[in-house]
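One-letter residues, chain by chain:
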Amino acid sequence: MRVGILIAAAALSLGLAGCGIAGHETRDPAILDVPVGFEPIPVPAHNPLTPAKVELGERLFFDLDLSEDRSLSCASCHFENAAFADPRRLSPGVHGRLGIRNSPSLVNVAYLNLLFWDGGALTLEAQALGPLEADFEMNMNLGDLITRVESDPSYVSQFEEALGEGPSIRTLTQALASFQRTIRSGGSRYDRYVSGAVDALTDSERRGLELFRGKANCASCHNGFLFTNQAFENNGIEPAGSDSGRARITLDPADFLEFRVPSLRNVEKTAPYMHDGRFDSLEDVIDHYDQGGTGVRNQSALITPLRLTDQEKRDLIAFLNSLTDETILTGLTP
Ligand code: HEC
Ligand code: HEC
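Calculation notes
- Residues numbered from 1 in each chain as written.
- Chains lettered and ligands numbered in written order.
- Predicted model: local features only at pLDDT ≥ 70, side-chain atom pairs only at ≥ 80, totals over all residues.
- Heavy atoms only, no water.
- Donors = N, O, S within 2.8 Å, 3.2 Å for Na, K, Ca; no water.
- Helix = DSSP H or I, 4+ residues; strand = E, 2+ residues; numbered from the N terminus.
- Axes fitted to C-alpha atoms, helices over the stretch in contact; angles between N-to-C directions.
- Parallel < 35°, antiparallel > 145°, perpendicular 65-115°, else oblique.
- Contact = heavy atoms within 4.5 Å.
- Nonpolar A, V, L, I, M, F, W, Y, C, P; charged D, E, K, R; others polar.
- 1 Å grid on protein atoms, 1.4 Å probe; cavity = no way out; pocket = protein on both sides within 12 Å on 5 of 7 lines; lining within 4 Å.
- Points joined across faces, edges and corners; volume = space filled by probe spheres on them.
- Domains from an automatic or database assignment.
- Near = heavy atom within 4 Å.
- Polar contact = N/O pair within 3.5 Å; in protein donor to acceptor, adjacent residues only side chain to side chain.
- Sits in = over half its atoms within 2 Å of the grid points.

1. Remarks on the coordination of the iron atom of ligand 1
Just one protein ligand coordinates the iron atom of ligand 1, and it is H78 (NE2) at 2.1 Å. Position of H78 among the secondary structure elements: in the loop between α1 (51-61) and α2 (124-127).

Next up, the structure:
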């Protein structure tokens, strides 16, 4: 048994691992504490966070049996050691089928008002049905899924203990949502800096922070404790294929090519970047913004040429790298 590391790095105590799935660390489910500067975790009244539900949700999240051919778990596209994102541009689902979007990090996902790059899912409970059913992801018939889970007596007793009833779509998605709400992190060097440890950032990183808030104007969209205002914006990247972003959901042409502003926490570890993973490096991202985007239709007026020097670009990237929380990168994926 290995020692589990709390995700909320503000709580620096270590919890003992429970009896998780071999190959990854079981996270202490008891934590409702949040990192310094974070808001309380929003939890819906109909699905209170309990340690038993979190533990069950964690087991489900890492279970390959949740996919049609038993080849994929949720963690197959949300890698624990990549801040629950996917280092591949697109994540192959069952039979190697590809979707059109890059898997986002799930760190601090509890705080997101709307889910998916286009805001197409309203809650974590509802979201889970997306990957379970999508033919390019886990491709499960929901009836078969419940039959499969019910055939394992240890699951049935764990569901009853955690939710007072056996496996169903409702209880399964409640457990998955509960686990994901505990994936949070705010233990980067930047956090130590804003808590008063001025030496936690190097000179270059501090200059980068100034640029981020000032000349480079990043903080007009990437702000707040998650480094996102959670708005849908068009940051000037050219369309690829037919993905129209937010407009796909709202059917409003004014939302053309707008995507949810992503959090930048752990961004060093969540390459490749943008909704389709088109940029491999932060250098590419900074060059994109430095040019003022591509001038694509509906580009935000906030995206304008920045004329950054090479040193300023390096400083900005150094700052972005200071948003990494090493303590959440310790897990192994199955
Ligand atoms: C085949 C790869 C794949 C699998 C398997 C997968 N996901 Fe995802 N996940 C994605 C992709 C790609 C997106 C982005 C989709 C979009 O925005 O349209 C995503 C988005 C999400 C989001 C929204 C995050 C955000 O920032 O809005 C959550 C939550 C999530 N997945 C949880 C899960 C859970 C729970 C499972 C298992 C039941 C799962 N995923 C299985 C690829 C996958
Ligand atoms: C107008 C709002 C806006 C401004 C200003 C802005 N961004 Fe973004 N940013 C976005 C949106 C929207 C996306 C997602 C676009 C997509 O996926 O196609 C994004 C994506 C990113 C990503 C990719 C993250 C990921 O997980 O894929 C990085 C890194 C980033 N921005 C950094 C910056 C930096 C650095 C600046 C300042 C130079 C900046 N942004 C300015 C809106 C903005």
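There's plenty left to go through after this.
2. Regarding the packing of helix α8 (residues 203-213) against helix α11 (residues 310-321)
Running from N to C, α8 and α11 cross one another at 95°; their axes reach a closest spacing of 7 Å. Regarding the angle of α8 to α11, the classification is roughly perpendicular. Judged by residue contacts, S204, E205, R207, G208, L209, L211 and F212 of α8 engage Q311, E312, R314, D315, L316, A318, F319 and L320 from α11. Considering only residue class, the contact of α8 with α11 consists of seven nonpolar, three polar and five charged.

3. Quick notes on empty space enclosed by the protein
Evaluation of the coordinates by the stated rule reveals one cavity of 30 Å³ or more. The computed volume of the largest cavity comes to approximately 840 Å³. Considering the residues around the largest cavity, the lining is formed by 46 residues, among which H222, V261, P262, S263 and L264 are closest to the centre. Broken down by element, the residue count for the lining of the largest cavity peaks at four residues, all from helix α10 (residues 282-290). Residue-level mapping places the lining of the largest cavity at the junction of two domains, with at least three residues from each of domain 1 (3-185) and domain 2 (199-324).

4. Observations concerning the site of ligand 1
In the neighbourhood of ligand 1, 24 residues make up the surrounding shell, with C74, C77, H78, F116 and R260 lying closest. The side chain of H78 places a nitrogen or oxygen atom 2.9 Å from a nitrogen atom of ligand 1. More than half of the atoms belonging to ligand 1 lie within 2 Å of the grid points that define the largest pocket. Contributing elements (two or more residues each) for the shell around ligand 1: α2 and α3 (129-133).

From the geometry alone we can't say anything about function, so treat these as descriptive.
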